[in-house]
Amino acid sequence: MDLYKLGKVTWEESQLLYHALAYSGKEALVLLSPSTPYVCIGYHQEADAEVDLSFCETHQIPVFRREVGGGAVYLDGNQFFFQLILKRDNPLIPLRKEVFYQRFLEPVIDTYRQVGVPVEFKPVNDVLAGTRKISGTGVGEIGDCVVFVGNLIFDFNYEMMSKVLKVPDEKFRDKVHKTLQENLTTIRRELEPKKAELWNEFNLNDLLVSQFEKMLGDFQEKKVDESLTSKMDEIATRMFTPEWLHQKGKKQIGRQVKIQTGVNIVQKMHKAPGGLVKATYEVREDRLYDVILSGDFFCYPPDAIGLLETKLEGVHTSELQTILERFYSEQEVETTGLSISDWMMVLNA
Amino acid sequence: MQIQDYNMPDELHYEENHYWVKQEGDLLVIGMDDFAQKMAGEIVYIQLPFEGKKLKKGKKFAQVESGKWLGKVYAPVNGELVESNQELETNPALINSDCYGAGWMYKVRPDDLGEMGDLIQGAAGIEKWVLDDIEKYKQD
């Protein structure tokens, strides 16, 4: 199989190359990283709903829609990317998606372990160091190929990631920032400083190549040739347009930011007969944490909402109805025009 | 008809990428079959193209996403899309919970209803096809 070990490239090339290889039907492993940061959104997302486009414009951070699943991410040169392009009929590709990730993340997992970071696979497609995610991955069926993309995260700019996302308010952004730090880690964070210094894009990629070779056989190193460049130019005319970036995506109810599988920050609003209700919270393994409730409804006594927030802490989503019923029956609370079903509208993520 | 772990109604026709097709008057209803939805896992997004879109048999006409995997929906026949299931816009997991009912995906006006004959059909044909796929991927 062909190997493109490119190191730093422009952010545009870092996206165009794998699309070009896939549309050309060429199997390859590509290793690269962008020389400047950018934001990349998943195929099904709405750019304006997911990304703070004016912040990105002010800070000259380009935004790109990939033909791969997953969510919006801030990508920079401290994340080292692998892009594996396989023909659809490659016998190594299993039908079950989870098995695909498990199989093709093995070289990534072995690389982390060789570096000294003990990691495990977590279905569907996460690599975890302890409880923290340490690699982002996704797949797209592009042309007649299946493209698997992901990264080795050497370092991560948590602050910029939380700043480029569109959020309903600054509290939500702070929550995203904090939850990212708690749930996403890096090689630099996991290793002693002196050990981390030993690793860089080149020796990490060497390890990754040797791990992928065990599965895919020997690689032949290639340079990007004229035919690929011309394919990339052709794709650029379609993918670097406002029409492509702003195409209609998945409709969101409220705002939800996925941090890792099973961990989401959610804000939902609902217009109840008694007024607007707003809830912001973290959902971790189907349980609610850090619930903040607000709105313009009438509530007596006024501190009852604070009590309800406490009662909801750690509650499993399947128990919400029961907890709310108990809250209303045990406390002398009056919320005019606001019933349990209204609370369920904002709390059932 | 139950074939191992998969519910595959034998009154339906099937496209080889595991989309079912059912005739309703002069229209065809299309959805993902039980085998495919189980292989995919939780569906998080299904593209609902505009009505009037021309479909070319065997070619991609929409995208579907599960587990950060962006896959393709292939047209089972030549024709024109006349309706998409708008419920899937906010609740694509209906495909997982009820793939032959509330999780239907598209209605298509075929250019030639005779193309239904090219699809996989009949209890014996469906069983052989599904068992072959199970065998092909049993290492999973």
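A brief report on the enclosed structure follows.

Analysis parameters
- Residues numbered from 1 in each chain as written.
- Chains lettered and ligands numbered in written order.
- Predicted model: local features only at pLDDT ≥ 70, side-chain atom pairs only at ≥ 80, totals over all residues.
- Heavy atoms only, no water.
- Contact = heavy atoms within 4.5 Å.
- Buried area = accessible area lost by both parts, 1.4 Å probe.
- Salt bridge = Lys/Arg side-chain N within 4 Å of Asp/Glu carboxyl O.
- Polar contact = N/O pair within 3.5 Å; in protein donor to acceptor, adjacent residues only side chain to side chain.
- Helix = DSSP H or I, 4+ residues; strand = E, 2+ residues; numbered from the N terminus.
- Nonpolar A, V, L, I, M, F, W, Y, C, P; charged D, E, K, R; others polar.
- Pairing = 2+ DSSP bridges.
- Axes fitted to C-alpha atoms, helices over the stretch in contact; angles between N-to-C directions.
- Buried < 20%, exposed > 50% of the residue type's maximum accessible area, 1.4 Å probe, protein only.
- Phe/Tyr/Trp six-rings, centres within 6.5 Å; stacked < 30°, edge-to-face > 60°.
- Arc of directions from axis to C-beta.

**Overview of the interface of chain B and chain A**
- Of the residues lining the interface, 25 residues belong to chain B; the matching set on chain A comes to 34 residues.
- Interface area for chain B against chain A, summed over the two sides, is near 2600 Å², with a carbon-plus-sulfur share of 53%.
- The tally of links between chain B and chain A comes to one salt bridge.
- The interface formed by chain B and chain A contains 15 residue pairs in polar contact (both at pLDDT 80 or more).
- Sorting elements by how many residues they give to the side of chain B that touches chain A places strand β9 (residues 69-74) of chain B first, with five residues.
- Of the residues belonging to the side of chain B that touches chain A, the class tally is eleven nonpolar, eight polar and six charged.
- Where strand β10 (residues 137-142) of chain A and β9 of chain B come together, two bridges link them in parallel fashion. Bridge pairing in β9 of chain B links Val139 of chain A to Trp69 of chain B.

**Remarks on the environment of Lys231 of chain A**
Residue and element names in this part refer to chain A.
- Its location among the elements puts Lys231 in helix α11 (residues 226-239).
- Between the alpha carbons of Lys231 and Ser24 there is a distance of 7.7 Å; along the sequence they are 207 residues apart.
- Excluding residues that lie within four positions of it along the chain, Lys231 makes contacts with Ala20, Tyr23 and Ser24.

**Brief notes about the packing of helix α4 (residues 97-104) of chain A against helix α5 (residues 106-115) of chain A**
Residue and element names in this part refer to chain A.
- Where α4 meets α5, the axes come as close as 4 Å, and the angle between the chain directions of the two elements is 35°. Residue-level contacts link Gln102, Arg103 and Phe104 of α4 to Glu106, Pro107 and Val108 of α5.
- Within the contact of α4 with α5, the residues separate by chemical class into three nonpolar, one polar and two charged.

**Here we look at the pairing of strand β8 (residues 60-66) of chain B**
All names here are of chain B.
- Burial of β8 is extensive: six of the seven residues sit out of reach of the surface.
- Where strand β6 (residues 43-46) and β8 come together, three bridges link them in antiparallel fashion. Residue Ile46 lies in a different strand from β8, and its bridge partner there is Val64.
- Counted along the chain from β8 to the antiparallel partner β9, the turn is two residues long, and its residue Gly67 has a positive phi close to 50°.

**Here we look at the packing of aromatic side chains**
Residues and elements named next belong to chain A.
- In total, this model carries 22 aromatic pairs over all chains according to the counting rule given.
- Their ring planes at 25° and their centres at 6.0 Å tell us that Phe80 and Phe154 sit as a pair that is stacked. A residue pair is termed long-range when its members are at least 10 positions apart, and Phe80 in strand β6 (residues 79-87) and Phe154 in the loop between β11 (145-153) and α6 (158-164) qualify at 74 residues.
- Measuring from centroid to centroid gives 5.7 Å for Phe297 and Trp343, while their planes differ by 85°, and the two rings are edge-to-face. Placement of the pair is Phe297 in the loop between β16 (287-295) and α13 (304-312) and Trp343 in helix α15 (residues 340-347), with a sequence separation of 46 residues.

**Focus: the pairing of β6 of chain A**
Residue and element names in this part refer to chain A.
- Where burial is concerned, most of β6 is hidden: eight out of the nine residues are buried.
- Pairing of strand β2 (residues 28-34) with β6, which is carried by five bridges, proceeds in the antiparallel orientation. Bridge pairing in β6 links Leu31 to Phe82.
- Where β6 and β11 come together, nine bridges link them in antiparallel fashion.

**As for unusual backbone geometry**
All names here are of chain A.
- Note that the residue after Pro123, namely Val124, is joined by a cis bond; omega there is 10°.
- By the element assignment, Val124 lies in the loop between β7 (120-122) and β8 (126-129).
- Cis rather than trans, the peptide bond between Tyr300 and Pro301 has omega equal to -5°.
- Mapped onto the elements, Pro301 comes out in the loop between β16 and α13.
- With phi around 65°, Asp286 is a residue other than glycine that occupies positive phi space.

**Digging into the environment of Ile134 of chain A**
Residues and elements named next belong to chain A.
- Topologically, Ile134 is positioned in strand β9 (residues 132-135).
- Given the relative accessible area of 0%, Ile134 is considered buried.
- If we skip the residues at most four places from it in the chain, Ile134 touches Tyr112, Val117, Val119, Val127, Ala129, Asn151, Ile153, Thr185, Thr186, Ile187 and Glu190.

**Things to note about the side chain of Glu282 of chain A**
Residues and elements named next belong to chain A.
- Residue placement: Glu282 occurs in strand β15 (residues 275-284).
- According to the relative accessible area criterion, Glu282 is buried, its value standing at 1%.
- A polar contact of 2.9 Å, which involves the side chain of Glu282, links it to the side chain of Arg284.
- Once you skip the residues sitting within four places of it in the chain, Glu282 turns out to touch Lys175, Thr179, Val263, Asn264, Ile265, Arg287, Leu288, Tyr289 and Asp290.

**Some thoughts on α13 of chain A**
Residue and element names in this part refer to chain A.
- Considered for burial, the residues of α13 that qualify are Ala304, Ile305, Leu308 and Leu312. Within α13, the buried residues cover an arc of 100° as seen down the axis, which keeps them to one side.
- If you follow the buried residues of α13, they end up packed against β16, α14 (320-330) and α15.
- Looking at the residues trailing α13, positive phi occurs at Gly314, about 80°.

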